[in-house]
Amino acid sequence: MRAFGFLSFGHYGPVPGSRVRTAGDMLHQTIELAEGADEIGVNGAYVRVHHFARQAASPIPLLTAMAARTRRIEVGTGVIDMRYENPLYFAEEAAALDLISDGRIALGVSRGSPETALRGYEAFGYTGSEDPRGADIARDKFELFLRAIDGDGVVDSDPQMAPPGRLAVEPRSPGLRDRIWWGAGSRDSAEWVGRQGLNLMSSTLLTEATGQPFHELQREQIERFRAAYREAGHTGSPRVSVSRSVFPLVSEQDEMFFGVRGRDGQDQVGIIDGIRSTFGKTYADTPDRLIDQLLADEAVMAADTLMLTIPNQLGVEYNLHVLQAFAEHVAPALGWKPNTEGPVQGDAV
């Protein structure tokens, strides 16, 4: 692990104790949190994307504002649900965001998480899926998105307006493909990501339950990704991220929020989207114990980037406290390099 960032689910609503009551609160506070994290030296600011729910939904305006108000921090998603996207318009948006941020983006994309709406993407106009979870249209649209950001011609020109030929989407941002990630929830899907030559954003859960600890399953997923990347003939240095809930207990408030529950944290096995899945545990302990626990987490140590899932409802001040405590007391022992040392690099495969 060389880098860490925060991953916000962007919850908001009139819930007792929440400091994020409205969508406006959530958006403004996420930008403010990114600014504060940038000054601490945190490497990334990432947001979840969910539709038909009181959570962050349309990420590009938010990420653009975050990029414009920061200097070094990477901004991105975990993940954009491709079922809901127009791939060519998304290609335009991604290129514009990449240019505004000077390449400081990490756009995680995938089929997406289960949604509160039943086949909600059809309400957005995207029909024709033969898969009950929409995986087929997600992959088809993602393939077109990649072609578009690579500059392939995707539509015939009008001979009355332009020379004959195929037209590419504009604007384009050189190297954008190197900043695209696919969110993989299984070992097989991680191998697919490797064959595509993309970056791997490993999910907060794995749609597998073998009896192995979550971190061992995830480490095997990362190994399969890198092997597939190499065997496909790619020669770059792909990035890998994993997500964890980690809370250094350095104050009475930390103990009150996370002490009892966190110290007893265990992996969980449950059913999501009809599939038996393994969920990672929450880490909450004193910094010295957290260091030992995270050094023993094989997936955290195999990845270059750790995304810390944060309780955004507790407000900017408390979440900056969590990030500061992790940066000061835990991250250096794991190999962390602050954003002042330059962009994060993946491991050469």
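Whatever comes next refers back to the structure up there.
All values reported here derive from a predicted model rather than from experimental measurement.

**Q** Could you clarify how one ought to interpret the nonpolar core in this entry?
**A** Nonpolar side chains tend to gather and get buried jointly when the protein is soluble and globular. Residues Phe4, Phe90, Leu107, Phe142, Phe145 and Phe326 are the most contacted members of the largest nonpolar core, which totals 69 residues. With six residues, helix H4 (residues 135–149) is the single largest residue contributor to this core. The residues contacting leucine 107, other than those within four sequence positions of it, are Leu63, Thr77, Ile80, Phe90, Ala94, Leu97, Arg179, Ile180 and Trp181.

**Q** Please clarify how the environment of glycine 120 should be interpreted in this entry.
**A** Looking at where glycine 120 falls in the secondary structure, it is placed in the loop between strand S4 (105–110) and H4. Linking glycine 120 and phenylalanine 52, residues 68 residues apart in sequence, is a C-alpha distance of 7.9 Å.

**Q** Sorry, what's going on with the pattern of salt bridges here?
**A** Pairing between side chains of opposite charge can happen when their charged atoms approach one another. This structure, assessed with the given rule, holds 20 salt bridges. A salt bridge links aspartate 347 to arginine 226; the shortest N-O distance between them is 3.0 Å. One end of the pair, aspartate 347, is in the segment after helix H11 (331–334); the other, arginine 226, is in helix H6 (residues 214–231), with 121 residues separating them in the sequence. Given the relative accessible area of 25%, aspartate 347 is considered partly exposed. Overall, arginine 226 belongs to the buried group, its relative accessible area being 17%.

**Q** I would appreciate a short explanation of the pairing of strand S14 (residues 305–310) in the present structure.
**A** For a regular strand, side chains alternate in direction, first toward one face of the sheet and then toward the other. Burial of S14 is extensive: six of the six residues sit out of reach of the surface. The side-chain alternation of S14 yields two buried faces, one formed by Thr305, Met307 and Thr309 and the other by Leu306, Leu308 and Ile310. Relative to S14, strand S1 (residues 3–8) runs parallel, the two sharing six bridges. Directly across from phenylalanine 6, in S14, lies its bridge partner leucine 308. Examined bridge by bridge, strand S10 (residues 240–248) and S14 share four bridges and lie parallel to one another. Bridging from a neighbouring strand, serine 241 pairs with threonine 305 of S14.

**Q** Help me understand empty space enclosed by the protein in this model?
**A** If a probe the size of a water molecule is rolled over the atoms, the empty space left behind becomes visible. Counted according to the given criterion, the structure contains two cavities of 30 Å³ or more. Taken together, Ser8, Val20, Asp25, Met26, Gln29, Thr30, Leu33, Ile310, Asn312, Gly315, Val316 and Asn319 make up the lining of the largest cavity. Those elements that provide at least two residues to the lining of the largest cavity are helix H1 (23–40) and helix H10 (316–329). Element by element, the count of residues in the lining of the largest cavity is highest for H1, at five residues.

**Q** For this particular structure, what's the right way to read the packing of H1 against H10?
**A** Helix-helix packing: each pair is described by the crossing angle between the helix axes and the interaxial distance. With their axes 10 Å apart at the nearest point, H1 and H10 run at an angle of 25 degrees to one another. Between H1 and H10, the angle falls in the class roughly parallel. The interaxial crossing formed by H1 with H10 has right-handed handedness. Here Gln29, Glu32, Leu33, Gly36, Ala37 and Ile40 of H1 lie close against H10, whose contacting residues are Val316, Asn319, Leu320, Leu323, Gln324 and Ala327. Taken together, the residues of the contact of H1 with H10 sort by class into seven nonpolar, four polar and one charged.

**Q** Please explain the pairing of strand S7 (residues 180–184) as it appears in this structure.
**A** Burial analysis of S7 places five of its five residues in the buried class, which makes it a mostly covered element. Both faces of S7 are covered, namely the face carrying Ile180, Trp182 and Ala184 and the face carrying Trp181 and Gly183. Of the pairings in the sheet, the one linking S4 to S7 comprises three bridges and is parallel in character. Note that in S7 the partner of glycine 108 across the bridge is tryptophan 181. As defined by bridge partners, S7 adjoins strand S8 (residues 199–202) across four bridges and the pair is classed as parallel. Paired with alanine 184 across the strands is serine 202, a residue of S8. Once you follow S7 into helix H5 (residues 187–196) and on to S8, the crossover reads as right-handed.

**Q** Just checking my understanding: could you explain the packing of helix H3 (residues 87–100) against H4 for this structure?
**A** At a closest axis distance of 8 Å, the pairing of H3 and H4 adopts a crossing angle of 45 degrees. Viewed along their axes, H3 and H4 adopt a mutual orientation that is oblique. As for the relative orientation of H3 and H4, their crossing is right-handed in sense. In this structure, H3 contributes Pro87, Leu88, Phe90, Ala91 and Ala94 to the contact, and H4 contributes Lys141, Leu144, Phe145, Ala148 and Ile149. Across the contact of H3 with H4, the residue classes tally to nine nonpolar, no polar and one charged.

Definitions and limits used
Residues numbered from 1 in each chain as written. Predicted model: local features only at pLDDT ≥ 70, side-chain atom pairs only at ≥ 80, totals over all residues. Heavy atoms only, no water. Core = buried A, V, L, I, M, F, W, Y, C linked by side-chain atoms within 4.5 Å. Buried < 20%, exposed > 50% of the residue type's maximum accessible area, 1.4 Å probe, protein only. Helix = DSSP H or I, 4+ residues; strand = E, 2+ residues; numbered from the N terminus. Contact = heavy atoms within 4.5 Å. Salt bridge = Lys/Arg side-chain N within 4 Å of Asp/Glu carboxyl O. Pairing = 2+ DSSP bridges. 1 Å grid on protein atoms, 1.4 Å probe; cavity = no way out; pocket = protein on both sides within 12 Å on 5 of 7 lines; lining within 4 Å. Points joined across faces, edges and corners; volume = space filled by probe spheres on them. Axes fitted to C-alpha atoms, helices over the stretch in contact; angles between N-to-C directions. Parallel < 35°, antiparallel > 145°, perpendicular 65-115°, else oblique. Left-handed = near helix turned anticlockwise from the far one by under 90°. Nonpolar A, V, L, I, M, F, W, Y, C, P; charged D, E, K, R; others polar. Right-handed = clockwise from strand over helix to strand, strands pointing away.

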